[in-house]
Amino acid sequence: MMPTGSLLDTHLTNLAAALVSYRGCESQLARWGADLAHRLAAGGRLLVAGNGGSAAEAQHLTAELVGKLHHDRQPLSAIALHAETSALTAIANDYGYTDVYARQVRAHGRPGDVLLLLSTSGTSANLVTAARAAREVGLTSWALTGAAPNPLADACDEVLAVASPDTQVVQELHLVTSHLLCEYLEQELPAALAASADPVAVHGDPGEPASAGRVPARSVRAGVDVVLDGGTGQQVDA
């Protein structure tokens with residue numbers, strides 16, 4: 001019989017070892033969170049995808065953004081592509097599983113949006129294909145992976161790689177990453193919303209050159225406008 005506590009001790013030892021290098025990710029997490037706050041406040045969208053346990057992690061993140069982490073705030077646009085089950089299965093049936101995310105990226109992604117892909121191995125073909133599609137469409141692509149280098153890290157604009165050979169530890173630190181991204185985002189969100197409400201801050205002074213770091217503003221419409229007149233000649237917006 002395995003000694004009591006040995007599984008726990010081994011797991012916590014592996015987690016503690018990974019935490020040493022993970023602490024060095026603070027500036028990257030803060031930068032990603034602030035960047036995402038400004039993109040989403042300006043009307044952008046976060047697309048997220050993963051396979052298996054990483055799919056669950058990705059959906060956890062979108063739930064925090066559409067809902068909230070700590071305090072009440074406006075909902076932010078975030079979609080877990082693997083949760084679109086009818087689209088996912090139709091694409092897999094018609095085009096193959098490798099394209100299940102790439103086709104959705106082309107459908108939903110717009111320049112200035114962010115695609116975040118989670119993979120413990122960094123070798124999932126459908127995620128690598130999605131990252132390539134993001135580049136074609138003009139999205140910024142980020143990856144959360146296990147140890148790098150790996151194909152997904154190479155295909156994305158940036159990667160946060162957890163330096164651990166233990167899949168469970170990698171997934172656990174991906175969850176920590178999701179929570180920290182939300183915390184940094186919510187910390188920056190008031191400033192991002194103020195900037196998005198300022199035409200000069202968002203669009204820039206017409207007399208100034210465009211800034212490479214500025215998130216393109218977009219017109220955002222919520223819902224569907226239905227026009228009825230019922231034969232009265234008076235227009236009613238529903």
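A brief look at the structure comes next. (Residues numbered from 1 in each chain as written. Predicted model: local features only at pLDDT ≥ 70, side-chain atom pairs only at ≥ 80, totals over all residues. Heavy atoms only, no water.)

Observations regarding the overall build of the protein chain
Counted only if it meets this: Note on conventions: DSSP H or I runs of at least 4 residues are helices, E runs of at least 2 residues are strands, and numbering of each starts at the N terminus. Here the term buried applies to any residue with accessible area under 20% of the maximum for its type, exposed to any over 50%, and partly exposed to those in between, with areas from a 1.4 Å probe on protein chains only. To measure how exposed things are, a 1.4 Å probe is used in the Shrake-Rupley method; for residues, cover is taken only from the protein chains shown.
Broken down by element type, the protein chain carries nine helices and seven strands. Out of the 238 residues belonging to the protein chain, those deemed buried represent 39%. Total accessible area on the protein chain stands at roughly 12,600 Å², and carbon and sulfur atoms take up 55% of it.

Quick notes on the packing of aromatic side chains
For clarity, the cut-off: Only Phe, Tyr and Trp rings are paired, with Trp represented by its six-membered ring, and only when their centres lie within 6.5 Å; those with planes under 30 degrees apart are stacked, over 60 edge-to-face, the remainder tilted.
One pass over the structure, following the stated rule, counts one aromatic pair. Each ring, one from Trp32 and one from Trp142, has its centre 4.4 Å from the other, and the planes form 5°; the classification is stacked. Of the two residues, Trp32 is situated in helix H2 (residues 26–41) and Trp142 in strand E4 (residues 140–145); the sequence distance between them amounts to 110 residues. Both residues of the pair, Trp32 and Trp142, count as buried.

Some details on the sheet that holds strand E5 (residues 158–161)
As a reminder, the rule being used: At least two bridges found by DSSP between two strands are what make those strands a pair. Orientation is described by lines fitted to C-alpha atoms, with helices fitted over the stretch in contact, and by angles between N-to-C directions that extend from 0 to 180 degrees. Should any heavy atoms of two residues lie within 4.5 Å, those residues are considered in contact.
The five strands lie next to each other as E2-E1-E3-E4-E5, forming an open sheet whose pairing is parallel. If you trace the sheet from one side to the other, it starts and ends with strand E2 (78–80) and E5, each paired once. The average angle at which neighbouring strand axes cross in this sheet is 15°, direction not considered. As paired strands, strand E1 (residues 46–50) and strand E3 (residues 114–119) are joined by five bridges and run parallel to one another. Note that in E3 the partner of Leu46 across the bridge is Val114. Where H2 meets the sheet, its contacts fall on E1, E3, E4 and E5, and the angle it forms with E5 comes to roughly 135°.

Some words on the environment of Gln104
Here Gln104 is to be found in helix H5 (residues 102–108). What makes Gln104 buried here is its relative accessible area of 3%. Separated by 29 residues in the primary sequence, Gln104 and Ala133 have C-alpha atoms spaced 9.4 Å apart. Apart from the residues lying within four places of it in its own chain, the contact partners of Gln104 are Leu81, Glu84, Ala87, Leu88, Ile91 and Gly109.

What about the packing of H2 against helix H8 (residues 167–197)?
A pair of packed helices is characterised by two quantities: the angle between their axes and the separation of those axes. Cut-off, in case you're wondering: Any angle that falls under 35 degrees is termed roughly parallel, while one over 145 is termed roughly antiparallel, one within 65 to 115 roughly perpendicular, and all others oblique. Helix crossings are classified by the rotation of the near helix relative to the far one: an anticlockwise turn of less than a right angle makes the crossing left-handed, while a clockwise turn makes it right-handed. The nonpolar class holds Ala, Val, Leu, Ile, Met, Phe, Trp, Tyr, Cys and Pro. Asp, Glu, Lys and Arg form the charged class, and all remaining residues, Gly among them, are polar.
The interhelical angle for the contact between H2 and H8, taken along N-to-C directions, is 45°, at an axis separation of 6 Å. With respect to each other, H2 and H8 are oriented oblique. For the pair H2 and H8, the sense of crossing is right-handed. On H8, the residues touching Glu26, Leu29, Ala30, Trp32, Gly33, Ala34, Leu36, Ala37, His38, Leu40 and Ala41 of H2 are Thr177, Leu180, Leu181, Tyr184, Leu185, Glu188, Leu189, Ala191, Ala192, Leu193, Ala195 and Ser196. Residue composition of the contact of H2 with H8, grouped by class: 17 nonpolar, four polar and two charged.

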